[in-house]
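# Fold and contact review
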Amino acid sequence: MAKSILGIFQYEEDFLNAAKSLKASGFNDITLMSPIRLEEAEEIVGLYKSNVRYFSLTGAITGAITGFSLAVVCALVFILPTGGRAIIAFPPFLVITYEVTILFGVLATLLGFHFVSGLPAWRDKAYKVDTNIDRFSIAVDPGSDTDSTKIEQTLRDAGAEEVKQLEVAA
Amino acid sequence: MTDTNYQEPGYADVNRDILQTLLVTGPKYWITFGISASVALICFFGPWAYQLYVGVGAAGMNRSAMWGTYLSNFIFWIGLSHSGTLLSAVLHITHSGWRKAIYRSAEAMTLFSLMTAACFVMVHVGRLWFVHWTAPIPNPMELWPNFRSPLMFDVMAVTTYLTASSIFIYMGSVPDYAAVRDASTGLRRRLYTIFSFGWRGTAKEWHTLSWAYMFFAVFVIPLAVSVHSIVSWDFALSIVPGLHQTIFAPYFVCGAIYSGTAGIVSVMFLLRKYMQLERYIREIHLDNLGKLLIVLSLIWTYINIVEVFTGWYSGTSFEYEFLKFRLFGFYAPLYWEMILFCAVVPLFMLHKKIRTSWKWMFIISILINIGMFTERFIIVATSLPRKFLPDAFGFYFPSFVEIMISIGSFAIFTTLFLIFIKWTPCVSIYEVKETLKPLRRDA
Amino acid sequence: MAKITDKIKEYTRPGYYEKFDYHWTMSIDLDRCTGCGACVVACQAENNLPIVGEKRFKERREMKWLRIERYWEGEYPNLKLKFLPMLCQQCDQAPCETPCPVAATYHNQDGLNTQIYNRCIGTRTCAVYCPYEVRYFNWFTYTWDEPLEQQLNPDVTVREKGVMEKCTFCVQRIRMAKDKAKDDNRRRVKDGEVTPACVQSCASEAMQFGDLNDPNSKVSKMTKNKRAYHVLEELNTKPSVVYLQKVEKHD
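Residues numbered from 1 in each chain as written. Chains lettered and ligands numbered in written order. Predicted model: local features only at pLDDT ≥ 70, side-chain atom pairs only at ≥ 80, totals over all residues. Heavy atoms only, no water.

Turning our eyes to something else, we now look at the overall build of chain C. Across its full length, chain C holds 7 helices and 10 strands. Over its C-alpha atoms chain C spans a radius of gyration of 19 Å, differing by no more than 12% from the 18 Å that the globule rule assigns to 251 residues. In terms of principal-axis extent, the alpha carbons of chain C reach across some 70 × 50 × 40 Å. Of all 251 residues assigned to chain C, the portion counted as buried reaches 52%. Of the accessible surface of chain C, which amounts to about 12,500 Å², a share of 52% is contributed by carbon and sulfur atoms. Charge-centre separation for chain C: the mean point of 39 positive side chains lies 3 Å from the mean point of 35 negative side chains. (Helix = DSSP H or I, 4+ residues; strand = E, 2+ residues; numbered from the N terminus. Rg over C-alpha atoms; globule rule 2.2 N^0.38 Å. Buried < 20%, exposed > 50% of the residue type's maximum accessible area, 1.4 Å probe, protein only. Areas by Shrake-Rupley, 256 points an atom, 1.4 Å probe, with all protein chains shown as cover. Lys, Arg positive; Asp, Glu negative; His and termini not counted. Charge placed at Lys NZ, Arg CZ, Asp CG, Glu CD.)

Bringing the sheet that holds strand 9 (residues 228-229) of chain C into the picture now. Residue and element names in this part refer to chain C. The sheet built from 4 strands is open, its strands ordered 8-1-10-9 with mixed pairing. This sheet does not close on itself; its edge strands, each paired only once, are strand 8 (207-211) and strand 9. Here strand 9 pairs with strand 10 (residues 241-244) via 2 bridges, running antiparallel. Bridging from a neighbouring strand, Tyr229 pairs with Tyr243 of strand 10. (Pairing = 2+ DSSP bridges.)

Here we come to helix 3 (residues 52-77) of chain A. Here helix 3 of chain A spans 36 Å end to end across 26 residues, near enough to the 38 Å set by a 1.5 Å rise per residue. Inspection of helix 3 of chain A places Val52, Ser56, Gly59, Ala60, Gly63, Gly67, Ala71, Val72, Cys74 and Ala75 of chain A among the buried residues, and these make up the whole buried set. Close packing links the buried residues of helix 3 of chain A with helix 4 (90-117) of chain A together with helix 7 (203-236) of chain B. (Expected span 1.5 Å × (residues − 1). Contact = heavy atoms within 4.5 Å.)

What follows concerns the interface of chain B and chain A. With 60 residues of chain B at the contact, the number on the chain A side is 66 residues. Summing the contributions of chain B and of chain A, the shared interface buries around 5,700 Å²; its carbon and sulfur component is 70%. By the criterion of area lost to chain A, the three top residues of chain B are Arg148, Arg200 and Phe219 of chain B, representing 15% of everything that side buries. Linking chain B to chain A there are 0 salt bridges. Our count for the chain B to chain A interface comes out at 11 residue pairs in polar contact (both at pLDDT 80 or more). Breaking the side of chain B that touches chain A down by element, the ones donating at least two residues are helix 1 (11-23), helix 5 (150-183), helix 6 (186-195), helix 7 and helix 15 (429-435) of chain B. (Buried area = accessible area lost by both parts, 1.4 Å probe. Salt bridge = Lys/Arg side-chain N within 4 Å of Asp/Glu carboxyl O. Polar contact = N/O pair within 3.5 Å; in protein donor to acceptor, adjacent residues only side chain to side chain.)

We now examine the side chain of Ser259 of chain B. Looking at where Ser259 of chain B falls in the secondary structure, it is placed in helix 8 (residues 248-274). The residues touching Ser259 of chain B, leaving out its near neighbours within four places in the chain, are Gly79, Leu80, Asn369, Met372 and Arg376 of chain B.

With 12 residues of chain A in contact, the opposing surface of chain C contributes 16 residues. Between chain A and chain C the total buried area reaches about 1,200 Å² when both faces are included, carbon and sulfur atoms providing 70% of it. Inspection of the region where chain A meets chain C yields 0 salt bridges. Partitioned by chemical class, the residues of the side of chain A that touches chain C number 8 nonpolar, 3 polar and 1 charged. (Nonpolar A, V, L, I, M, F, W, Y, C, P; charged D, E, K, R; others polar.)

As a further point, take the pattern of salt bridges. With the rule as written, the count across this model stands at 34 salt bridges over all chains. Here Glu73 of chain C ties to Lys82 of chain C by a salt bridge, and the two come within 3.3 Å at their closest N and O atoms. Among the residues examined, Glu73 of chain C registers a relative accessible area of 36% and is labelled partly exposed. Residues participating in the shared-partner salt-bridge network are Asp287, Lys291, Lys352 and Arg355 of chain B.

Let's shift gears to the packing of helix 8 of chain B against helix 13 (residues 358-383) of chain B. All names here are of chain B. The contact between helix 8 and helix 13 brings their axes to 9 Å, and the two run at 145°. Judged by the twist between their axes, the crossing of helix 8 over helix 13 is left-handed. Along the lines of polarity and charge, the residues of the contact of helix 8 with helix 13 split into 17 nonpolar, 6 polar and 4 charged. (Axes fitted to C-alpha atoms, helices over the stretch in contact; angles between N-to-C directions. Left-handed = near helix turned anticlockwise from the far one by under 90°.)

Each aromatic ring pair is described using two quantities: the centre-to-centre distance and the angle formed by the ring planes. Residue and element names in this part refer to chain B. Counted under the stated rule, the structure contains 61 aromatic pairs over all chains. Residues Phe377 and Tyr396 carry aromatic rings whose centres are separated by 6.1 Å and whose planes lie at 40° to one another, so their mutual orientation is tilted. Residue Phe377 is found in helix 13, and its partner Tyr396 is found in the loop between helix 13 and helix 14 (400-421); the two are separated by 19 residues along the sequence. By relative accessible area, Phe377 is classed as buried at 9%. In this structure Tyr396 comes out as buried when scored by relative accessible area, which is 0%. (Phe/Tyr/Trp six-rings, centres within 6.5 Å; stacked < 30°, edge-to-face > 60°.)

In C-alpha cells:
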C-alpha cells in the first residue's frame, strides 16, 4: 500500500498554480485530474505530442500492405479470370487496400490509446468522484513524511478546497 | 438566439441532467421499447424466416428486376449512417463547437443504421447459410473471395465502417462511462467500471484520448466517403442504363449526408422532447443543421438535374427508354414526390423562422427522409426493368414480405437506439462542459 | 527473376487467357430461324430446367436458358414478325463475371462463361449486370412431380433455391467430347463432335456450334459471313454467339 495526497480545487487557476508550484518544488510524480480536457495541465506535466501517432502510422502502413497482398494472394491462390480483367487488377485492389489501411489504422490507434494511456487500469487509484463532475484535483505520491507536510502546505496555499491522504494500491 | 431567458447549466447540472436519461426509466420508455421490439420481431424476423424457408421468391423480385427493396433499404440505411460519423468527425477536426451536444446521438444513428443495413445484406442473398464465403477465411472449396467484385468492396467497406464507427463512438464515451460509474451503484457500477477502463480524467488520459480521437476522426472521414462511394459502385460498375454513371459516387455520398443530417434533426427533436434535454440541444444546433441541409439539398438537386441531362444528352435509345420510364412511367408519382420532398420542401428552410422552429424542422426532416427513401427505391425499381432488350422489360412491385421487412427495419433501428440511450449518455457530458463557462475565478 | 517478372506481366495484363484452348462459338442464322421453339424444349429437357407453372411464369420467374424473343415491326397490315433466340452469349469480356463476390462465375479455358452452382450465394448481381438478361434465378426449390423426375438428365445437376443458373453451351456434352478425344489419343475435338441440345434439335439448321479457334470449322466460316453481327455489340462484351442478319426484301 502506498500513500497518496489528493488536493481538490474548485477553480481551474488555483489547480494549475498548485500544479506549477509542486513541479517547481521538485515533485515530478503528480497526477492532474479534471472533468474536461485542459491543455495547460498537459503542458505542466510535459505532454505535447502523443506517441499514439506512431501507432496510427504503423497500423495504416501495415494495413496498406496487408490489404494489397490479401487481394493479390487471394487472386493468385486459385486463378479464376473474370470478365477479361487482369488477374492482378490494380483499380479494384486499390479499393481493398484503402479499406484495409483504414481498418488497421483504426485498430492500431485503439491499441496505441491503451498502450500510451495505460488504460484499462481497474486497480484502486487516488480518485475523487467530484473530479469527473466539477472539481479539479491533484494527486501526489509523497516520498517521505516531511514531503507530505510540504505537499499539503503547497496545496492549501494554492487554494485547495480539501486536502486528504489516501491509501492506494501501489 | 431566440431563447433570451436561456440559463446556462453548471457543470454539476450537466452531469445530473444527462445522467437522468440513463438512470431514470419511466413506463413510457418500456412501452415504446416493447412495441418496437415486438414490431421488429413480427415484421422483420417473421417474414424473413418465411423467406428463408421458401426461398427469395417470397419477395416480389423477378427476372430483369433482380434487385428490389432489400437493396434499396440497404442503401437507405447506409445513407442514414453517414450522418453521424462523418458529420461528427468533420465538425470535430474543424473545431465546430456546436457539434458537441449532438454528435453522440448522431454517431449512435450511424452505428445502428449500419447494423440495420447489414441485416438487409443478409435478407437479400439467396443462400444466407453460405454468406460467410464472402469473408476471406479458408473454406472447404479452397476458394477465396473475388476481390475484383464491387460486392467485395462492400463487404470490406461495411466491416471497416462498422468497426471504425463503433470504436469511434465508444472511445468518445469513455469519460462519460466513468461519469455513469460514479453516479451508480451495484451491478451497473461494476459494468461501467469495466466500460470506462478505470478512467480518472488525468492529464495523460485526456491527452491520449484527444490524440487518439483526432486520429479516429481523420480515419473515419475518408472511410465514410469511401463507403457510400463503394455502395454506389455496386450500381455504377454495371452497364445498366440509369445505373452506369460516373456521377453516382458523389451523388450517393451527398444523398447519404443529406438524409443522415435530416435523420439527426428528427432524432434530436425526439430526444429533446422525451429526454428533457432542452437545455443542451438548442435552436443554434437546429439553425446550423438547417443551413447544412439547404446546401446539401441544392447539391442533391444539381446532381439530379445532371443525371437526367446526361441521360438525354447521351442520345441512346436505352437511356431514353429508361428516362421515359422513370419520369413518366408507373413510378413517376414517386419520382416527382421525391423531387418535391428533397428539392423543393427544403427551400422553406431559407426562412430563419422555419429553420429555428422545432416543429417545422421535424416535419421537413421526416419529409426529406421519405423522399430519400423513395429515391433509393426508384434507383433500383426504375432502372432494372428497363435494361436493353425490350423483350426482357419487366416490372417490379414489392411483395407483402418485402413491405413487412422494410417496416420491420425501422423497428430494429428504434429498438437498438432505445437500448443505446439507456447504455450511453446520448449527449456527451464532458464535451458539453467544454462549451460552458469555464470553472475559473475570472469567468 | 526473369520468370517472376514474366509472371507479373502476365497476371497484370487485362485479357489474361484471351487465347483459349477452344473458343466455343454458336452462330444463329436468323434468316433460317422459324421461331418454332424446338431449341427451347430441347434445352429444357437436356438441362433439367424446372417447369415453373403458369403463376410463376406470369411473375416473370420462368426458367428458360434459351428463349425466343419475338419482335413485331411496323403497323398492321405491314406487320413483320422477327425472332431472336436469346441465350447466354458467353461473352469474352463478360460484365456478369466481375461482380461475383465469391467467384461463382468465371471464364474457363474453353472460353466459356461458367456458373458454379455450389459456390453461388445468390446476390443476383450477375443477373443485374448482364445486358442480355439470360441469367435465371432459382426463386424457389422446384420439384418434379412423379413420374417426371424419371426424365431428369443424370449428367446435369438440379439446382436448389437461391442459386443463379444460365446456359452452359451444354458443358456436359463438351466434356464428353473432350474425354472421347482423349480416349482416341487426339489432341483436339473434331468439328461437329459437340452439339448442344438446341443445335441438335434445330429443324432448319439455323444454329451451328463449333470451335472458333479452328479456322475450318463451320462456325468459323459463318462468322465471316457479311450478315454476321453480335447483339448489343456497342457494349463491348465480345459475345461468343454470332447472329446472321435476316435477309429482307426492300421495295
